Amino acid sequence: MLAIHGGAPVRGARDWPVWPQYDVRTETELLAALRSSRWSVSWYAPGGGKSRERLFGEAFARYNGAAYGVSVDHGSSALVIALEALGVGPGDEVIVPALTWVAPATAVLRVGALPVLVDVDPETGCLAVDQVRAGWSARTRAVIAVHLACTVAPIVELSELTRAAGAGLIEDCSQAHGARWDGRAVGTFGDIGVFSLGAAKSLAAGEAGAAITDSPELYRRMLMLRADSRGYTEDAPAPGEYELVELGEIMGGNYCMSELTAGVLLDQLPRLDVQHARREIRAAELEDGLTRIPGLSSIPVPAQVDRRAIYEYGIRFAPGTFGGASVDRIAAALSAELGTKVYPPRVPLPSGNLLRAHTKPRFARLWDAVRATGRDFSGAHDYRDHTLLMHHSVLLGERTDIDDILTALAKVRKASGSLTDADSPALKGISA
């Protein structure tokens, strides 16, 4: 009997790896920021030297092989300053994948432009180049390409397409920190790469974000756009001096990262590649096991990707693999077996309840429902209906964790006929 129906679960009381990961070194970095008396880049430097948020921006750029990095308070803010740095505004359109978190679409609205949602590849969930072409118009000013879950969008083709059309390309790498395409980091193929550094991400700081670019002009603009028209001093400030100067070349907002957050990130960044390597070992074991369960496969990764970054590990299943059960019911049954959350992808934006431009007057005036959403999104729905996701932290444990996942998949598949009935009792105690 399945655990969701009262049977014994595959996994007993054993815990899964905890996320985020930290130790005494993290605490030391955080306390150093706290005791510096400089909690913000906007405050003066009592002891002199660069701010931690500036140091993180520089370190993150180096990690990605980019020339410049800008630290911000959220990934959503990184999207906004990237769009504004590219000059996107009223009257413009920006192509956004229909399958993504809502922030890429709402960021476009926040700069006064119209997000045009286009369909995705049903196997990867990433932008399909032919769908980008189908959504293009004379008003298209930029494309936001999201590298989703555990794979990479066709970034070379997208780069060639936007460059030929004279449009901007923003890579949303919030789920792909450290992924490489032919040895080159994602985020460096477009004009600007943006990252969320929220608590769930593989590079986590609670709430934070970053943007990278190779363009000195875009870098300078983004600095001012995120710090109320201010940029850094040329040299590190002397004791008692301020690090931001009022350049005033473009009006900005305040999206600055705090020094405490930057301290955490300066601790977390050197850990990222070690964590990636461990996830990859576990992922390879899982993929080997999936080949022995009919109907299941991993989300495909382009051959050019020589290092992937797993945010959510995705398992695809062919129609009928779990009988007539819905993806939501399959995910709930697996969660009950494993004691950790297994879940489907988000509902595509055109069908979800988060993209609601009409609820704000300033957005409602921009919204053109036909232009924004008047296309077929069968690829996004296919991906959503036939994909199971798990948070990357489940891959930070031992081989026995993978064995449990495979055992649970086989068990739920074998007993999937029972999932056509109402599932009970309600799930309790499932960790996120």
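**Student:** Got a minute to help me understand the environment of Leu395 in this structure?
**Tutor:** Summarising the element assignment, Leu395 is placed in the loop between β16 (387-391) and α14 (399-414). On the basis of relative accessibility, which here comes to 0%, the residue Leu395 falls in the buried class. Sequence separation between Leu395 and Ala45 is 350 residues; the distance between their C-alpha atoms is 41 Å. Contact partners of Leu395, with chain neighbours within four places excluded, come to Arg278, Arg279, Arg282, Ala283, Ile310, Tyr313 and Ile402.

**Student:** Please explain the packing of helix α9 (residues 272-290) against α14 as it appears in this structure.
**Tutor:** Each packed pair of helices is defined by two parameters, the angle between the axes and the distance between the axes. It is the contact of α9 with α14, at a shortest axis distance of 10 Å, that shows an interaxial angle of 30°. By the criterion of interaxial angle, the relationship of α9 to α14 is roughly parallel. Crossing handedness for the pair α9 and α14: right-handed. Within the contact between the two elements, α9 uses Arg282, Glu285, Leu286, Gly289 and Leu290 and α14 uses Arg399, Ile402, Ile405, Leu406 and Leu409. Looking at the contact of α9 with α14 residue by residue, the class counts come to six nonpolar, one polar and three charged.

**Student:** Please clarify how the pattern of salt bridges should be interpreted in this entry.
**Tutor:** Any two side chains of opposite charge can pair, on the condition that their charged atoms come close. Within this structure, the stated rule accounts for 26 salt bridges. One salt bridge in this structure joins Arg38 and Glu243, with 2.7 Å as the shortest N-O distance. Pair noted here: Arg38 is in the loop between α1 (24-35) and α2 (52-64) and Glu243 is in the loop between β10 (230-232) and β11 (244-246), with a separation of 205 residues, a long-range link. The burial state of Arg38 is the same as that of Glu243; both residues are buried. The network of salt bridges with shared partners includes Arg38, Lys50, Arg54, Glu58 and Glu243.

**Student:** Just checking my understanding: could you explain the side chain of Asp73 for this structure?
**Tutor:** Here Asp73 shows up in the loop between β1 (68-72) and α3 (75-85). Of the side chains bearing the opposite charge, Arg110 lies closest to the buried Asp73, which forms no salt bridge; the N-O distance is 7.4 Å. Within the local environment of Asp73, its side chain forms a polar contact with the side chain of Ser77, the two groups lying 2.6 Å apart.

**Student:** Got a minute to help me understand the sheet that holds strand β9 (residues 209-213) in this structure?
**Tutor:** Strands belonging to one sheet form pairs held by backbone hydrogen bonds; the direction of such a pair is parallel or antiparallel. Spatially, β1-β9-β8-β5-β4-β2-β3 is the arrangement adopted by the seven strands of the open sheet, whose pairing is mixed. Looking at the sheet topology across the chains shown, the edges are occupied by β1 and β3 (114-118). Pairwise comparison of adjacent strand axes, ignoring direction, gives a mean angle of 25° for this sheet. Where strand β4 (residues 140-146) lies against strand β5 (residues 168-172), five bridges are found, and the strand directions are parallel. By the bridge assignment for β5, Ala142 is matched with Gly168. Strands in contact with helix α4 (residues 103-110) are β2 (93-97), β3, β4 and β5; relative to β3, the strand with the most contacts, it is inclined by about 155°.

**Student:** Any chance you could explain the layout of surface pockets here in plain terms?
**Tutor:** Any empty space left between atoms is shown by rolling a water-sized probe over those atoms. In this structure, the largest pocket encloses a volume near 1,000 Å³. Considering the residues around the largest pocket, the lining is formed by 43 residues, among which Ala200, Lys201, Tyr311, Glu312 and Arg346 are closest to the centre. At the level of secondary structure, the elements contributing two or more residues to the lining of the largest pocket comprise α3, α4, β8 (192-196) and β16. Top contributing element to the lining of the largest pocket by residue count: α3, with three residues. For the lining of the largest pocket, the per-class residue count stands at 25 nonpolar, twelve polar and six charged. Within this model, the second largest pocket holds a volume of roughly 210 Å³. Around the second largest pocket, the lining residues are Arg54, Tyr68, Pro216, Tyr219, Arg220, Leu223, Gly231, Tyr232, Thr233, Glu234 and Leu247. Partitioning the lining of the second largest pocket into residue classes produces six nonpolar, two polar and three charged.

**Student:** Help me understand the packing of aromatic side chains, please; the structure alone is not making it clear to me.
**Tutor:** Geometrically, a pair of aromatic rings is defined through the distance of the ring centres and the angle of the planes. Applying the stated criterion across every chain, the model contains eight aromatic pairs. Look at Phe56 and Phe60: their rings are 5.4 Å apart centre to centre, the planes differ by 20°, and that puts the pair in the stacked class. Taken together, the residues Phe56 and Phe60, both in helix α2 and four residues apart, mark about one turn of the helix. Taken together, a centroid distance of 5.3 Å and an interplanar angle of 90° make the contact between Phe317 and Phe322 edge-to-face.

**Student:** Before we go on, may I ask you to explain empty space enclosed by the protein in this structure?
**Tutor:** Taken as a whole and judged by the stated rule, the model has one cavity of 30 Å³ or more. Roughly 50 Å³ of internal volume is contained in the largest cavity. Secondary structure elements with two or more residues in the lining of the largest cavity: α10 (327-338), β16 and α14. No other element matches β16, which puts three residues into the lining of the largest cavity. In terms of residue class, the lining of the largest cavity is made up of nine nonpolar, no polar and no charged.

Rules used throughout
- Within each chain, residue numbers correspond to sequence positions counted from 1 in written order.
- In keeping with the model being predicted, local features are shown solely for residues with a pLDDT of at least 70 and side-chain atom pairs are shown and tallied solely at 80 or more, while totals for entire chains, interfaces and linings include all residues.
- The side-chain quantities take in all heavy atoms of the structure and omit both hydrogens and water.
- Under the scheme used here, helices are H or I runs from DSSP no shorter than 4 residues and strands are E runs no shorter than 2 residues, and both carry numbers assigned from the N terminus.
- Each residue is placed in one exposure class: buried if its accessible area under a 1.4 Å probe, protein chains only, is under 20% of its type's maximum, exposed if it is over 50%, and partly exposed if it falls in between.
- Whether two residues touch is decided by their heavy atoms; if any such pair falls within 4.5 Å, the residues are in contact.
- A fitted line through C-alpha atoms serves as each axis, taken over the contacting stretch for helices, and the angle formed by two N-to-C directions is quoted from 0 to 180°.
- Oblique is the label for any angle not under 35 degrees, not over 145, and not in the 65 to 115 range, which are roughly parallel, roughly antiparallel and roughly perpendicular in turn.
- Handedness of a crossing is defined here by the sense of rotation of the near helix relative to the far one, left-handed for an anticlockwise turn of less than a right angle and right-handed for a clockwise turn.
- Only Asp, Glu, Lys and Arg are considered charged in this grouping, and only Ala, Val, Leu, Ile, Met, Phe, Trp, Tyr, Cys and Pro are considered nonpolar; every other residue, Gly among them, is considered polar.
- Note on definitions: salt bridges are taken to be side-chain nitrogens of Lys or Arg within 4 Å of carboxyl oxygens of Asp or Glu.
- Counted charges follow a simple rule, with Lys and Arg positive, Asp and Glu negative, and His plus the chain ends left uncounted.
- N or O atoms closer than or at 3.5 Å make up a polar contact, with two conditions inside protein: a donor-capable atom paired with an acceptor-capable one, and, for residues adjacent in sequence, both atoms drawn from side chains.
- Strand pairing requires that DSSP identify at least two bridges connecting the strands.
- Using protein atoms alone on a 1 Å grid, points that fit a 1.4 Å probe yet trap it form a cavity, whereas open point sets bounded by protein on both sides within 12 Å along at least five of seven lines form a pocket; residues with an atom within 4 Å of a point count as lining.
- Grid points are joined across faces, edges and corners, and a volume is the space filled by probe spheres set on the points.
- Note on aromatic contacts: the rings of Phe and Tyr and the six-membered ring of Trp form a pair at centre separations within 6.5 Å, being stacked when their planes are under 30 degrees apart, edge-to-face when over 60 apart, and tilted otherwise.

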